[in-house]
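Descriptive structure summary
Given next are the chains, with one letter for each unit.
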Amino acid sequence: MKIKSPAISKTILVVIIGFLTFTSNAQEVNWLSWNEATALAATDKNPKKIFIDVYTDWCGWCKKMDKDTFQNAEVAEYMTNNFYMVKMDGEGKEPIDFKGKTYKYVPSGKRGYHELAAALLQGRLSYPTVVFMDEQLNMLSPVPGYQKPDPFLNIARYFGDNIYLEKDWKTYSGNVK
């Protein structure tokens, strides 16, 4: 196929370059399994905190948060640099070992739940809920509900930048725009 118009050629070239630039600047979150994240936390010289996205396959708000929040370039870059990122199905069937205990799937009602998800969510099975843990796998806080990119980044920075060690959430969030 031969393009006769130089204007069309330039337009196509600009579109291709724009697409390549956009895709090369896009940051992807590297989701890990629970076992991969806890192994890294135990073996890395400078371990990161752990972030857990507790979701279910049927949860529309979980899918929206994946698309709007976790695929946001600024969110993805910050989270990748500061956390081991884990996706955990709140209704997952695979057993998970944590701190000397094996957590399993519990059939209950229509769907059932995973015991570790229930423990991390403090018994409040609400999706999506994200959980922040420190480098020693101690829970810092669960955060229930859908979060847009900017509010989510404020929460992530509160834990990721260790602000929680110096300020309570109310003081910090009152200073954040």
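All residue numbers refer to position in the chain's written sequence, counted from 1. Given that this is a predicted model, residues contribute local features only at a pLDDT of at least 70 and side-chain atom pairs are listed and counted only at 80 or more, while totals for whole chains, interfaces and linings are drawn from all residues. Where side-chain values are given, they derive from all heavy atoms of the structure, hydrogens and water being excluded.

This brings us to the pairing of strand β2 (residues 49-55). Buried means the residue's accessible area, taken with a 1.4 Å probe over protein chains only, is under 20% of the maximum for its type, while exposed means over 50%, and partly exposed covers the values in between. What counts as a helix is a DSSP run of H or I of at least four residues, what counts as a strand is a run of E of at least two, and both are numbered from the N terminus. Most of β2 is tucked away: six of the seven residues are buried. The pairing criterion is simple: DSSP has to find at least two bridges between the two strands. Where β2 meets strand β3 (residues 83-89), seven bridges bridge the pair, whose relative direction is parallel. Bridge pairing in β3 links Val54 to Met88. Where β2 lies against strand β8 (residues 129-133), five bridges are found, and the strand directions are antiparallel.

In this section: the sheet that holds strand β1 (residues 31-32). In spatial order, the strands read β1-β3-β2-β8-β9; together these five strands make up an open sheet with mixed pairing. The sheet is open, and its two borders are formed by β1 and β9 (139-144), each paired with just one other strand. By the bridge criterion, two bridges tie β1 to β3 in an arrangement that is parallel. Among the inter-strand pairings, Leu32 is bridged to a residue of β3, identified as Val86. In the packing of helix α4 (residues 73-82) onto the sheet, contacts are made with β2, β3 and β8, and the angle to β3 comes to roughly 105 degrees. Between two residues, a contact is recorded if the distance between any of their heavy atoms is within 4.5 Å. Think of each axis as a best-fit line through the C-alpha atoms, taken over the contacting stretch in the case of a helix, with angles from 0 to 180 degrees between the N-to-C directions.

What follows is about the packing of α4 against helix α6 (residues 149-160). Direction vectors running N to C along α4 and α6 enclose 15 degrees, while the axes themselves pass 10 Å from each other. When the axis of α4 is compared with that of α6, the two are roughly parallel. By crossing handedness, the relation of α4 to α6 is classed as left-handed. Facing α4, whose interface residues are Glu74, Val75, Tyr78, Met79 and Asn82, α6 presents Pro149, Phe152, Leu153, Ala156, Arg157 and Gly160. Here roughly perpendicular refers to angles of 65 to 115 degrees, roughly parallel to angles under 35, roughly antiparallel to angles over 145, and oblique to all remaining angles. The handedness criterion is simple: a crossing whose near helix is rotated anticlockwise from the far helix by less than a right angle is left-handed, and one whose near helix is rotated clockwise is right-handed.

Take the confidence of the model for the protein chain next. When the pLDDT values of the protein chain are averaged, the result is 86; 83% of them are 70 or greater. On a range of 0 to 100, pLDDT expresses the predictor's confidence in each residue. Low pLDDT, under 50, characterises residues 11-25; the predicted model gives this stretch one contact beyond four residues in sequence or across chains.

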